[in-house]
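Descriptive structure summary
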Amino acid sequence: MRTEEESAVHGGGEDVPRPPGDPEGGGAVIVRAPTEERNSGTYDIDLLPALDILRQINAEDTTVPAAVGAVLPELARAVELGVAALESGAAIHYFGAGTSGRIAAQDAAELPPTYGVPAEWVVAHHAGGGEALARAVEGIEDDWESGRIDAAGVSEGSLVVGLAASGRTPYVGGALEAARERGASTVLISANPAASLASAADVHVGVSTGAEVIAGSTRMKAGTAQKLALNAFSTAVMVRMGRTFSNLMVGVDATNGKLRGRVVTILTQATGLGEEACAEALNAAGGDTRVALVSLLADVDAAGAARALGSSKGRVRDALGKLGVPGPATPE
C-alpha cells in the first residue's frame, strides 16, 4: 500500500509533479526522494524482538531535531512571511495530503484556543477534505487541479505553506502554483532538500531526515520533522504577533471556570501579585487576559489598558511602553 506522499497518477516514470492538463497515465512512477530509500541500519528489523525494534526506531527519531535545526534560517524566513501576511490583514493557509495534511490540520486547529486568535488567521486545507482526515483516500494527493481549486480562496498578500514529505506531491504543487498566481507568498516544508516543488516556493524548508526505518513510511521521521517545523513556525508567528507576554499565553479569554483559573495563574506568574488581586483585575477586564495584565502592570484601569492595547495592535509590551512602563522585568 502506498504511503501518503509516494504515489502519483501520471505515467512515464518521472519524479515530477503533473501540471494541469496532462493526461493521467496508468504507469508506475518511481519517486526518487530520500524518504523512499532503504535504511541500511534496519535491514534486519523484522528479525528483532520488540525492544530492539523500538530501540532502532528511537535511534532514528533522535536525529530529527538536529535535522530541523539545520534549516532554522529558512524557517525564520517563513515566519517573517507569515507575520507579514497577518499584519496586512491576510491569512496563512496550509496545504497537505495524508500525514502532512493531518499535521497541518492539527496545528491550525490548536491556535485559536491557545492564542485567542480568529480561526481565519490560519486555515488548513487537506487533500480530499474532511473525509481524508479520518481515513486515507488513495490517490487524492495526486490531483494537481484539486490543489488549485482548494487554493481558489487564497487572497493577495496571504502566505501559503505546502507540506509534502517527498517535496513533489501534485496536490501541493497545484496549490502553490495557484497561490503565486493570486499574489500570495509561498513556502514548502519537505523532507527532501532537492524537492522538485522547491522552485514553486519563495522559501523551501527542506529537512534532511534521510531514509525511514521502514522505507517510504513518511509518517515516521518525515512526519515528525514536519510537526516540529510547523509547530515551531506557528508558535514563532504567534510570538511575533504579540500573542504572548514573555513565555505566557496571554491571548486566552476566560470564558469558563477552568479558563478563569488558568488565566488567574497566568496573571500571577506575569505580575508576581496574589490570586485575589489578579482575579479582581480579570473581572474588571471582562475576562480579557491582556487587558487585565496591562492594567495590573501599568496600574491603570481596564478602560485605559484597553485603549493602550488598541493602539498597539494588541501587543502587551507595546501597550506598556505607551503607558510609561517600558520592558517590565519578569517576576522571579
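Residues numbered from 1 in each chain as written. Predicted model: local features only at pLDDT ≥ 70, side-chain atom pairs only at ≥ 80, totals over all residues. Heavy atoms only, no water.

1. Section: the pairing of strand 3 (residues 159-164)
Most of strand 3 is tucked away: six of the six residues are buried. Judged by which residues are buried, strand 3 turns out to be covered on both faces: Leu159, Val161 and Leu163 on one side and Val160, Gly162 and Ala164 on the other are all buried. Note: strand 1 (residues 92-96) against strand 3, five bridges, orientation parallel. Considered in strand 3, the bridge of Phe95 is made with Gly162. Here strand 3 runs beside strand 4 (residues 185-190); their pairing, made up of six bridges, is parallel. Bridging across to strand 4, Leu159 finds its partner in Ser185. (Buried < 20%, exposed > 50% of the residue type's maximum accessible area, 1.4 Å probe, protein only. Helix = DSSP H or I, 4+ residues; strand = E, 2+ residues; numbered from the N terminus. Pairing = 2+ DSSP bridges.)

2. Some remarks on the nonpolar core
Formed by 35 residues in total, the largest nonpolar core has its most connected members in Ile92, Tyr94, Val161, Leu230, Phe233 and Val237. Mapped onto this core, the elements with two or more residues apiece are helix 2 (64-69), helix 3 (72-87), strand 1, helix 4 (98-115), strand 3, strand 4, strand 5 (203-206) and helix 8 (221-240). Apart from residues no more than four positions distant in its own chain, Phe233 is found in contact with Leu75, Ala78, Val79, Gly82, Ile92, Tyr94, Leu159 and Val161. Ranked by size, the runner-up nonpolar core spans 29 residues in total, among them Ala281, Leu293, Ala319 and Leu320. (Core = buried A, V, L, I, M, F, W, Y, C linked by side-chain atoms within 4.5 Å. Contact = heavy atoms within 4.5 Å.)

3. Here's the deal with the sheet that holds strand 3
Reading across from one edge, 2-1-3-4-5 is the order of the five strands in this open sheet, with parallel pairing throughout. Edge positions in the sheet fall to strand 2 (122-126) and strand 5, since each has one partner strand and no second. Within the sheet, the average angular offset between the axes of one strand and its neighbour, ignoring direction, is 15°. With respect to the sheet, helix 8 is in contact with strand 1, strand 3 and strand 4, its orientation differing from that of strand 3 by roughly 165°. (Axes fitted to C-alpha atoms, helices over the stretch in contact; angles between N-to-C directions.)

4. Structural notes on the environment of Val64
Mapped onto the fold, Val64 is located in helix 2. Placed 146 residues apart in sequence, Val64 and Gly210 show a C-alpha to C-alpha distance of 9.4 Å.

5. With respect to the pattern of salt bridges
All chains considered together, the criterion is met by seven salt bridges. In this structure, the salt-bridge partner of Asp52 is Arg55, at a minimum N-O distance of 3.2 Å. Taken together, the residues Asp52 and Arg55, both in helix 1 (residues 50-61) and three residues apart, mark about one turn of the helix. We classify Asp52 as partly exposed; its relative accessible area is 27%. (Salt bridge = Lys/Arg side-chain N within 4 Å of Asp/Glu carboxyl O.)

6. Quick word on the UniProt feature "active site" (unreviewed entry) in the chain
UniProt's feature table lists "active site" (unreviewed entry) at Glu110 and Glu141, given in the numbering used throughout. Taking the relative accessible area as the measure of exposure, Glu110 reaches 40% and is therefore partly exposed. Along the polypeptide, Glu141 turns up in the loop between helix 5 (129-134) and helix 6 (144-150). (UniProt positions renumbered as here; feature names shortened; annotations may be inferred.)

7. What about helix 8?
The terminal C-alpha atoms of helix 8, which comprises 20 residues, lie 28 Å apart, in line with the 28 Å expected from a rise of 1.5 Å per residue. Residues of helix 8 that are buried: Lys221, Ala222, Gly223, Ala225, Gln226, Ala229, Leu230, Phe233, Ser234, Val237 and Met238. A positive phi of about 75° marks Gly242, the residue just after helix 8. (Expected span 1.5 Å × (residues − 1).)

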